[in-house]
Amino acid sequence: MKFDVLTLFPEMFDTLNQSIIGRAIEKDLININLVNIRDFSKDKHKNVDDTPYGGGAGMVIRPDVVYEAFQSVKTEGAKVIYMSPQGKVLDQKKVVELSKEKHLILLCGHYEGIDQRVLDEIVDEEISIGDYVLTGGELPAMVLIDSVSRYVEGVISEDSTSEESFSNNLLEYPQYTRPEVFNGVKVPDVLISGHHENIRKWREEKSLEFTKSKRPDLLKK
Ligand code: 4H6
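For the structure given in this document, a descriptive report is provided here. All values reported here derive from a predicted model rather than from experimental measurement.

Quick look at the overall build of the protein chain now. Along the backbone of the protein chain there are 9 helices and 9 strands. Relative to a compact globule of 221 residues, whose C-alpha radius of gyration would be 17 Å, the protein chain shows 22 Å and is clearly more extended. Counting only C-alpha atoms and orienting by the principal axes, one finds that the protein chain spans roughly 70 × 40 × 35 Å. Taking the intrachain contacts of the protein chain between residues at least 6 apart in sequence as the baseline, contacts between residues at least 24 apart amount to 75%. Here the protein chain displays about 13,600 Å² of accessible surface, and carbon together with sulfur accounts for 49% of that area. Of the charged side chains in the protein chain, 28 are positive and 38 negative, and the gap between their average positions amounts to 4 Å.

The following block contains the structure:
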């Protein structure tokens, strides 16, 4: 799977070279190409933003530089996603859907956002990671890349994605490891019993109990 990220701050994405996503990049299961929007400025000072027409605070990113950056990476089947607080909120269903795409182009806004004309021209979907405001679309783009990459074949074991939270609208059951007694608290006996059917039932009950108490809204879905 190919991700092109159009951003003014490509260095922010260095953290993706760690852990599971870092390994997926090394194994060529995913490819993340960072495109610095500033490289497409024709201005001698490499300016990419300007004051908003109509007045108001802050700066707006110019449509022409974003368009040139987009032209440099676009392919026939690519889906262009604008990371924005005004988008549809990302959920696990959307994550799975996006993992079936071959090529995603993620557009990260900064300052007061991007000139509406280029958005209308190139954006297929507007996605938010939740109802709060951030300084830029870079963290949301990383959240999207991380969550989507987990569903790319070979990135993590299939067991891990099939049973997890949200796939069935239930939270995960609690996990335990050694030591068997920690601060005087013992691991639940059933998990040590070796009785697989009882373990399955116990975990199912815990999933339901956790969902009822922590996220009752999920049970209404
Ligand atoms: C596009 C338009 C995404 C991107 C405006 C981005 C939250 C999310 C941004 C802005 C984002 C999210 C710039 C508007 C800062 C507010 C970047 N914030 N903003 N929830 N910010 O996914 O001022």
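On to the nonpolar core. Nonpolar side chains tend to gather and get buried jointly when the protein is soluble and globular. Of all hydrophobic cores here, the largest spans 27 residues; its most connected members are Phe3, Ile30, Ile32, Ile81, Leu104, Leu106 and Leu144. Elements with a contribution of two residues or more to this core: β1 (2–7), α1 (19–26), β5 (79–89), α3 (92–98), β6 (103–108) and α5 (138–149). For this core, the element with the highest residue contribution is α5, accounting for 5 residues. Once you skip the residues sitting within four places of it in the chain, Ile81 turns out to touch Leu98, Leu104, Ile105, Leu106, Leu107, Glu125, Ile127 and Leu144. Membership of the second largest hydrophobic core comes to 20 residues, among which are Ile61, Ala69, Val73 and Val80.

Around the ligand sit 16 residues, and of these Tyr82, Tyr111, Ile129, Gly130 and Leu134 come closest. Here a nitrogen atom of the ligand and a backbone polar atom of Tyr132 are 3.1 Å apart. Relative to its free-state accessible area of 500 Å², the ligand is covered by the protein chains to the extent of 87%. The cavity where the ligand resides is the largest pocket. Top element by residues in the shell around the ligand is β5. It accounts for 4 residues. In terms of residue class, the shell around the ligand is made up of 9 nonpolar, 7 polar and no charged.

Thresholds applied
- Residues numbered from 1 in each chain as written.
- Predicted model: local features only at pLDDT ≥ 70, side-chain atom pairs only at ≥ 80, totals over all residues.
- Heavy atoms only, no water.
- Helix = DSSP H or I, 4+ residues; strand = E, 2+ residues; numbered from the N terminus.
- Rg over C-alpha atoms; globule rule 2.2 N^0.38 Å.
- Contact = heavy atoms within 4.5 Å.
- Areas by Shrake-Rupley, 256 points an atom, 1.4 Å probe, with all protein chains shown as cover.
- Lys, Arg positive; Asp, Glu negative; His and termini not counted.
- Charge placed at Lys NZ, Arg CZ, Asp CG, Glu CD.
- Core = buried A, V, L, I, M, F, W, Y, C linked by side-chain atoms within 4.5 Å.
- Buried < 20%, exposed > 50% of the residue type's maximum accessible area, 1.4 Å probe, protein only.
- Near = heavy atom within 4 Å.
- Polar contact = N/O pair within 3.5 Å; in protein donor to acceptor, adjacent residues only side chain to side chain.
- 1 Å grid on protein atoms, 1.4 Å probe; cavity = no way out; pocket = protein on both sides within 12 Å on 5 of 7 lines; lining within 4 Å.
- Sits in = over half its atoms within 2 Å of the grid points.
- Nonpolar A, V, L, I, M, F, W, Y, C, P; charged D, E, K, R; others polar.

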